[in-house]
Amino acid sequence: MLALSRRAFLVGGASIAGGLCLALRLPLAGAAKNATAFAPNAFVRVDTDGAATLTLHKSEMGQGAHTGLAAILADELDVDLAAVRLVMADEDPAYYLAMGAMGTGGSTSIRYSWDALAQAGAAARAMLIAAAARTWQVESAACRTAVGKVLGPAGQSLGYGELATLAASLPVPENPPRRSPADYRYIGKPTPRVDNLPKVTGQARFGIDVSLPGLLTAVVLRAPQFGGALDSFDAKAAERLPGVRAIVAIDAGVGVVADGYWQARRAAQKVTVRWRPAALALDDAGIAKALAAALDTQGSPARRDGDVGAALESAGKTLEASYRLPFLAHACMEPMNATAHVHDGRCEIWAPTQGQTRARDTAAALLGIPRERVTVHTTYLGGGFGRRFEVDFVLEAVALSRAVDAPVKVVWSREDDLAHDFYRPAALHRLRAALAGNTPTAWQHRIASPSIQRRLAPDTVKRGVDHTVVEGVSELPYAIPNVAVDCALVELGVPVGYWRSVGNSGNAFVVESFVDELAHAAGEDPVVFRRRLLAGQARHLGVLELAAERAGWGQPLPQGRARGIAVHMSFGSYVAQVVEVERGQRAPRVRRVVCAIDCGRHVNPDQVAAQMESGIVDALTAALYGEVPIADGAARTGNFDSYPLLRLDGTPQIEVHIVPSDAPPGGCGEPGVPPLAPALANALFALTGERQRSLPLRLV
Amino acid sequence: MTTLHVNGKAFELDADPDKPLLWVLREDLGLTGSKFACGVGHCLACLVHLDGQPAAACLTPLGAVGSRQVTTIEGLPADGSHPVQRAWMELNVVQCGYCQSGQIMAAVALLVRTPQPDEAAIDAALRGNLCRCGTYQRIRRAVQRAAALAREV
């Protein structure tokens, strides 16, 4: 077992000889022990014994952020990635950078941090060189580095550790020279993941694995209806069960606190609770009606090009269609959980969180203490997908720790997780398009959806438009002279939140399916049609052509097989996918997915591919199964039996091709998701002749 | 008192025989490599071996383990030198990693049973293990790679 104190919490396999450590930052302990350590910024530190520590400021939830960030720092500092210590940063404004907060999302970890981290590594390296130059009485320009050492013009050599004390006394340069990309050992190469070893040995510490002296475990009973509230509860029978410590009311519901999870869960089954009903308690039919009504009666313009009305009026041929999207759950493999210890006017939090700053600020507000008295440590995350940007589970732990005056870990069940999510919004889209010959002249697109941003970022909702509702639609890249996009925001009483690729996931399904409809209406091959309308969009075209070519688009397929294609830009990256389906004995089967991505400059091509594979499987799961039914204002979900995920035997062959590019870096965590559903729907249309305009798709 | 044999060691436990093995491992023995994700055997993030046979620790009451040897992910080499672990690292299979203990233990059990599994055998043996990051394709390849590495030993 790893020793664990409140200050030093090891996340990774620190005890493994020769292995890479991943530890939470030890804020003061290390500095006190070693006052001469060289730590020119919040990311790099070199101790006098030569040990280098790189601090990572993004949550590792599978997307490989730690591997990429460490590579950037290690390459600019010129150290051996296998020999450095990696530390996950606690919440601190030093790590806000371009985000303005500490958090992980929007596929930004690499693209928003690359310059700052390269600068941090380069500054440290320049100072170590300057220290060596001063020691040897030579010019800095005459020195160079070689993996943890500075080499001088006469063959001198000093290790970074030997230079640390002197380097620490030198000024931090404003514009340190960057290393030549030709000298990089990691960037641009398929560097192994830095978290491989702890994750194949069971040593990686997730939030649910946090252990503290005197730690209690809690489960929470929550109102089944969204917006429901606690009326009263009877815990007499539950309190008598062994291991039960307290049963208390908190904002979220009733917390059952016990020595362990099983005792808490067993006791929770014996608690009887009366809930006050929710004000708005819709079901699926009511939701469909509310969305349709919103499209009939309201709408705010998100984009206006030309005169869509006139173009539709005068068109020789028009197409109309409605598309429907269901609510989707995140279903992270690690159920929601967090650990908090409120004591002596302070609060310490250990959480698998994507939103460190939000967690710290909201915990401080809940407790009525300054944020300086709240510490947020980030563990590994067993999946995030946007769900862990929310802080509901963190605040439950904080409230329960305060209530029972002990450290408390709150652990959700899978049933809790699926029933109390912030879902991807359900939406209704209504489209009309005009064709003149085989060329579209108008695209009218109206979307009704609940708004995520009204809750999470109300300042960004302008003139009735939530940009997440229309993203990927208002950027319609096709050369169509008349475009109108409208947004109707509807309150349905169901909590909604960021779900991997946010609005893009559903909107790409609608746009790229309808483009396919237009291509067929125009009597043109879907690739030829898109190519013509994307003539000015070089990066869209680049991935479209690459995916089509590698998938053998246009080449004959055996009987009973068909292909579909889609292309979409999101988070600064361009992705096209070709899905190949095969008629099976009972149902069509997805055989193969060919993916092309242009994400600009990238750190790790293997991890770019891994994120495309991940996005494709995620999106395929959603396209085939994803649907959260709502009845009487509550999610009708259970466990994985009623919310199935794709399994190994349903996984198609996936090929990823990366477009070489020097463009600024784009994101990778999310852009693999959006094109999959429409490419699949388009393939099913090619196979069956039936156009499916509602998710999830039926494989019949 | 119950005697539980885990990773070659015997533990004397004063725990409720109804308590699932998963929570005994995680909370009483501090072996947190086996994960809780569904509690009903649908995802196998908790997969351990009982006398070498794969089992869902979340569905196995402590009292039902008896004298059988429990092997968890912590029972594999801590330096990652098992062929399955080596293959997993070589192919960078893991993403969030939460399901991977169960995936790896399922793969280890498969390769004992079937040293050279074809794709269909791998799919059949590991279809019970959910992965939300979608590492499936790499899992499939890593099991084949592990089979090759095991032959080299």
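Residues numbered from 1 in each chain as written. Chains lettered and ligands numbered in written order. Predicted model: local features only at pLDDT ≥ 70, side-chain atom pairs only at ≥ 80, totals over all residues. Heavy atoms only, no water.

1. Let's talk about the overall build of chain A
Here is step 1: For chain A, the count of helices and strands is 19 helices and 27 strands.
Here is step 2: Here the C-alpha atoms of chain A give a radius of gyration of 27 Å, agreeing with the 27 Å that 2.2 N^0.38 yields for 700 residues.
Here is step 3: Across its three principal directions, the C-alpha atoms of chain A cover 80 × 75 × 50 Å.
Here is step 4: Counting across all 700 residues of chain A, residues that qualify as buried make up 63%.
Here is step 5: A fraction of 75% describes how many contacts in chain A between residues 6 or more apart in sequence connect residues 24 or more apart.
Here is step 6: Here chain A displays about 24,800 Å² of accessible surface, and carbon together with sulfur accounts for 51% of that area.
Here is step 7: Separation between the mean location of the 70 positive side-chain charges and that of the 69 negative ones in chain A comes to 2 Å. (Helix = DSSP H or I, 4+ residues; strand = E, 2+ residues; numbered from the N terminus. Rg over C-alpha atoms; globule rule 2.2 N^0.38 Å. Buried < 20%, exposed > 50% of the residue type's maximum accessible area, 1.4 Å probe, protein only. Contact = heavy atoms within 4.5 Å. Areas by Shrake-Rupley, 256 points an atom, 1.4 Å probe, with all protein chains shown as cover. Lys, Arg positive; Asp, Glu negative; His and termini not counted. Charge placed at Lys NZ, Arg CZ, Asp CG, Glu CD.)

2. A few points about the packing of helix α2 (residues 65–77) of chain A against helix α3 (residues 114–136) of chain A
Residue and element names in this part refer to chain A.
Here is step 1: Interaxial distance between α2 and α3 falls to 7 Å at its minimum, and their mutual angle equals 30 degrees. By the criterion of interaxial angle, the relationship of α2 to α3 is roughly parallel. Of the two elements, α2 crosses α3, and the hand of that crossing is right-handed. Touching L69, I72, L73, E76 and L77 of α2 are W114, L117, A118, A120, G121, A122, A124, R125 and L128, all from α3.
Here is step 2: Class assignment of the residues belonging to the contact of α2 with α3 gives a composition of 11 nonpolar, 1 polar and 2 charged. (Axes fitted to C-alpha atoms, helices over the stretch in contact; angles between N-to-C directions. Parallel < 35°, antiparallel > 145°, perpendicular 65-115°, else oblique. Left-handed = near helix turned anticlockwise from the far one by under 90°. Nonpolar A, V, L, I, M, F, W, Y, C, P; charged D, E, K, R; others polar.)

3. With respect to the side chain of B:K19
Here is step 1: Turning to its location among the elements, B:K19 is positioned in the loop between β2 (9–13) and α1 (21–28).
Here is step 2: A relative accessible area of 5% means that B:K19 is categorised as buried.
Here is step 3: Within the structure, B:K19 has its side chain in polar contact with the side chain of B:D28 (distance 2.8 Å).
Here is step 4: Apart from the residues lying within four places of it in its own chain, the contact partners of B:K19 are A:W262, A:Q263, B:V24, B:E27, B:D28, B:T60, B:P61 and B:L62. (Polar contact = N/O pair within 3.5 Å; in protein donor to acceptor, adjacent residues only side chain to side chain.)

4. Focus: helix α19 (residues 676–688) of chain A
All names here are of chain A.
Here is step 1: The end-to-end C-alpha separation of α19 is 18 Å, in line with the 18 Å expected for 13 residues at 1.5 Å each.
Here is step 2: The complete set of buried residues in α19 reads L676, A677, P678, A679, L680, A681, N682, A683, L684, F685 and L687.
Here is step 3: Looking at the buried positions of α19, the neighbouring elements they touch are α15 (503–521), α16 (526–533), β22 (561–570), β23 (573–582), β24 (589–598) and α18 (605–625).
Here is step 4: G689 occupies a position one or two residues after α19 and carries a positive phi of about 80 degrees. (Expected span 1.5 Å × (residues − 1).)

5. Quick look at the nonpolar core
Here is step 1: Membership of the largest hydrophobic core comes to 195 residues, with the highest contact counts inside it found for A:F327, A:W443, A:L680, B:L4 and B:W88.
Here is step 2: The element that contributes the greatest number of residues to this core is α18(A), accounting for 9 residues.
Here is step 3: Discounting residues that sit within four places of it in the chain, B:W88 has contacts with A:V200, B:V93, B:V94, B:Q100, B:Q103, B:I104, B:A107, B:I139, B:A142 and B:V143.
Here is step 4: Among the nonpolar cores identified, the runner-up in size contains 49 residues, and A:F43, A:L54, A:L56 and A:Y95 belong to it. (Core = buried A, V, L, I, M, F, W, Y, C linked by side-chain atoms within 4.5 Å.)

6. Considering the packing of aromatic side chains
Here is step 1: Following the criterion strictly, the structure yields 11 aromatic pairs over all chains and no others.
Here is step 2: Residues A:F206 and B:Y98 carry aromatic rings whose centres are separated by 5.2 Å and whose planes lie at 90 degrees to one another, so their mutual orientation is edge-to-face. With A:F206 in the loop between α5 (196–200) and β8 (216–222) and B:Y98 in the loop between α3 (83–90) and α4 (100–113), this residue pair bridges two chains.
Here is step 3: For A:F206, a relative accessible area of 1% translates into the label buried.
Here is step 4: Look at A:Y323 and A:F509: their rings are 5.6 Å apart centre to centre, the planes differ by 85 degrees, and that puts the pair in the edge-to-face class. Of this pair, A:Y323 sits in strand β14 (residues 317–325) while A:F509 sits in helix α15, and the two are 186 residues apart along the sequence. Here the two residues A:Y323 and A:F509 agree in accessibility, since each one is buried.
Here is step 5: Through successive ring pairs, a cluster of aromatic residues spans A:F206, A:Y380 and B:Y98.
Here is step 6: When the ring centre of A:F685 is taken as reference, the NZ or CZ atom of A:R691 above it lies at 4.3 Å.
Here is step 7: Against the face of A:F385 rests B:R132, its NZ or CZ located 4.4 Å from the ring centre. (Phe/Tyr/Trp six-rings, centres within 6.5 Å; stacked < 30°, edge-to-face > 60°. Lys NZ or Arg CZ within 6 Å of the ring centre and 35° of its normal.)

7. Concerning the pattern of salt bridges
All names here are of chain A.
Here is step 1: The final tally for this structure, using the stated rule, is 52 salt bridges over all chains.
Here is step 2: The closest approach of N and O atoms between D234 and K236, which form a salt bridge, is 3.5 Å.
Here is step 3: Relative accessible area serves as the criterion here: at 33%, D234 is assigned to the partly exposed category.
Here is step 4: Accessibility expressed as a relative area gives 56% for K236, which makes it exposed.
Here is step 5: Salt bridges sharing common partners tie together R561, E580, E582, R591, R592 and E655. (Salt bridge = Lys/Arg side-chain N within 4 Å of Asp/Glu carboxyl O.)

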